[in-house]
Amino acid sequence: MKNSSLIFLRKKFMVLIALFWVFTLVMSACQPLGLRVEEVQASLNLLRVRAEDCSYGGKIRAVEAVDPYTVRFTLCEPDPAFPAKLAFPIFAVQDDAYLNENAGDPQAMSQQPNGSGPYRVAEYVPGVRLILKPNPDYWGVPPRIESLTIRWATTSLARLVDVSTEKAHGMESPDPNSYVSINQDKNLNLVYRPALNLAFVGMNNRFAPFNDARVRQAIGMLIDRERIINTIYPFGSEVAEQFLSPVFQVGYTSLYTWLPYDPQQALDLLRRANFDFNQEIVLSYSSQGNELLPDPHRIAQTIRSQLAPYGIKIRLNRMDAAKFEESVQAGNEAFFLYYWYGDYADPTSLYSTLFSPDSQILGNVYPDVQFMAKEAGRTSDPDERQSRYNRINEMLRLHAPAVPLAHVRTAAVFRQEVQGAAVNAYLENLPEVITPDRSLVFLQSAEPESLWPANATQWTTFRVTNLLYSTLVENEYGGVGLQPGVAESWSSNADATVWTFNLRYGVRFTNGALLEANDVVASFSAIWDAANPNHKGDYPYFKRFFGAFLNQP
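Residues numbered from 1 in each chain as written. Predicted model: local features only at pLDDT ≥ 70, side-chain atom pairs only at ≥ 80, totals over all residues. Heavy atoms only, no water.

**With respect to the sheet that holds strand S3 (residues 70-75)**
Spelled out, the test is: Any two strands between which DSSP finds at least two bridges are classified as paired. A run of H or I in DSSP becomes a helix once it reaches four residues, and a run of E becomes a strand once it reaches two; helices and strands are each numbered from the N terminus. Between N-to-C directions, angles cover 0 to 180 degrees, with each direction set by a line fitted to C-alpha atoms, over the stretch in contact for helices. The contact rule is simple, with two residues in contact once any of their heavy atoms fall within 4.5 Å.
Strand order across the open sheet formed by five strands is S1-S2-S3-S20-S19, with antiparallel pairing between neighbours. The open sheet has two edge strands, strand S1 (48-50) and strand S19 (487-492), and neither has a second partner. Sheet twist, expressed as the average angle between the axes of neighbouring strands with direction ignored, equals 15°. Along the sheet, helix H17 (residues 517-528) contacts S1, strand S2 (60-67), S3 and strand S20 (498-503); its crossing angle with S2, the most-contacted strand, is approximately 165°.

See below:
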């Protein structure tokens, strides 16, 4: 176990190490037997995991502890969004010794969570509640709430009833149809999230008539999107003029609008495309609504009624939610209602989901969009990136692979006595709020999958693990920016292929161990390296962000 009384000595030791490196490198220039940096790292037992090359198919080349408080990632290609990806909760840092003791098993580590976050587990009654107490060794500002209880209720109505009757202080995911009544209740406070999302009407270009861009454009001109948003969506939702919402700091093109509502031009396009007005087009959608598609049946009915006067026959296909999702992902739906939610606040999150070579959702790839999106995703200069995304937005309007409907303001609900509540696109600042008795009960839609997040997929898990563990970088509240986590600073080389993170001193896990660079390397490599004994899961988010695993059988 690492002794905190040695922190001061470690700092001095690191200075000596740096001087030793300089001396070593100078001497190595004069002597054939001079030590290499790798040999110095080995002498200090610093962890380093590296691919021989990038032919294995992933985007990571190496992760290494440069010294006890510095971690360096080397990538196979430029990635200016890399810090935003590392803020994702699956990249929580675990003590390497504890990780090894539990062989990377999420359930085993859930029995006694060992994090460095603002809270620790005081009581967990599976199926009932989870009670958290402040972590006395937390590296950041101490939590103001002294007793934080997480409970779960499947339906939004059940959660809202408990908040309204003072059985809870806050909740996630209120039904958008209840926003008006919540705003009218003087005891409740609706806190809106930044809209890193898009609701859209998808058109798969592998199916006729959507294999013709003129048909896709015409459909976009015949759907009155503003009417749909104003009559069906909650207050605060905005008509989507682009795939990305205005909250994206890069990728959104100011003053750029989508195809106008123009029936005459649309009919001209259909005639030039030799559109068969006798055919029946199936519009598929899920039987279950969500925050981004609050009433899919009503939206589908509205689209059918808007297209009918122009001779376009629509048959509605309401599908079981699970079967619909599977069918859309497999690329089997030609015309459908769907949505996208950003995993992180960078355009690459959209293009790696909807327009990647592996995505089947919208059919065959659009080569120009795919090429330019790859170039934009590799560009580190913000102005150059924006220029490329401006061109992509023009391409998307030309191809019209989907009809963007809305950027939706989702929300959380708090009682008025909860002071200081803020949110980001995903979570709430629960450690920073205050109540009169310094206790808080928060309701979410499901029980956590486990209390270790690496292989988790649900935000109901990440909400809890975000309170127990730390990541190198964090998503700030009240916006879509980033803020330091256990890395107090970070930087990259000019082309964003090498990222260096400088760790805070004195960060302690709840088992008493100090958080150091080896812990970061061990935690990351347990996910990345399939040959690592602690690699225990499918890690779908890692594959989405970084492609293949190292040493994948």
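**Quick notes on H17**
Short version of the rule: Helix span, expected: 1.5 Å multiplied by one less than the number of residues in the helix. Burial classes: relative accessible area under 20% of the type maximum marks a residue as buried, over 50% as exposed, and values in between as partly exposed (1.4 Å probe, protein chains only).
Between its first and last C-alpha, H17 extends 16 Å over twelve residues, near the 16 Å set by a 1.5 Å rise per residue. Counting buried positions along H17 gives twelve out of twelve residues, so the element sits mostly inside the fold. Among all positions of H17, only Ala517, Asn518, Asp519, Val520, Val521, Ala522, Ser523, Phe524, Ser525, Ala526, Ile527 and Trp528 are buried.

**Points about the pattern of salt bridges**
The condition that has to hold: Salt bridges are defined as contacts in which a side-chain nitrogen from Lys or Arg sits within 4 Å of a carboxyl oxygen from Asp or Glu.
Following the criterion strictly, the structure yields 16 salt bridges and no others. Measuring nitrogen to oxygen at the nearest pair gives 3.3 Å for the salt bridge that ties Glu64 to Arg72. Its relative accessible area of 5% is what places Glu64 among the buried residues. Arg72 sits in the partly exposed class, given a relative accessible area of 27%. The partner of Asp162 in a salt bridge is Arg151, and the shortest N-O contact between them spans 3.6 Å. Here Arg151 lies in strand S6 (residues 147-152) and Asp162 lies in helix H6 (residues 156-164), a separation of eleven residues in the sequence. Judged by relative accessible area, which is 17%, Asp162 ranks as buried. The exposure class assigned to Arg151 is partly exposed, which follows from its relative accessible area of 22%.

**As for the state of the cysteines**
Formally, a disulfide is one covalent bond, and it connects the sulfur atom of one cysteine to the sulfur atom of another. Convention followed: By disulfide we mean two sulfur atoms from cysteines, separated by a distance within 2.5 Å.
According to the stated counting rule, one finds one disulfide in the structure shown. Sulfur-sulfur distance for the disulfide between Cys54 and Cys76 comes to 2.0 Å. Between Cys54 and Cys76, the S-S torsion sits near -90°, and that sign places the bridge as left-handed. Taken together, the residues span a long stretch of sequence, with Cys54 in the loop between S1 and S2 and Cys76 in the loop between S3 and helix H3 (82-86) at a distance of 22 residues.

**A look at the packing of helix H8 (residues 213-222) against helix H10 (residues 263-272)**
Operational definition: Working definition: roughly parallel below 35 degrees, roughly antiparallel above 145 degrees, roughly perpendicular at 65 to 115 degrees, and oblique for all remaining angles. Should the near helix be turned anticlockwise from the far one by less than a right angle, the crossing is left-handed, and should it be turned clockwise, the crossing is right-handed.
Packing of H8 against H10 brings their axes to within 8 Å, and their N-to-C directions diverge by 160°. Relative to H10, the element H8 is oriented roughly antiparallel. The way H8 lies across H10 gives a crossing that is left-handed. Contacts between H8 and H10 involve Arg214, Val215, Gln217, Ala218, Met221 and Leu222 from the former and Pro263, Gln265, Ala266, Leu269, Leu270 and Arg272 from the latter.

**Some details on the sheet that holds strand S7 (residues 170-172)**
Read from one edge to the other, the open sheet built from seven strands follows the order S4-S5-S6-S16-S7-S15-S8, with strand pairing classed as mixed. The two strands at the open ends of the sheet, each matched to only one other strand, are strand S4 (119-125) and strand S8 (188-192). For this sheet, the mean inter-axis angle between neighbouring strands, taken without regard to orientation, is 20°. Pairing geometry for S6 and strand S16 (residues 439-444), over six bridges, is parallel. Looking at S16, one finds that Ser147 is bridged to Ser439.

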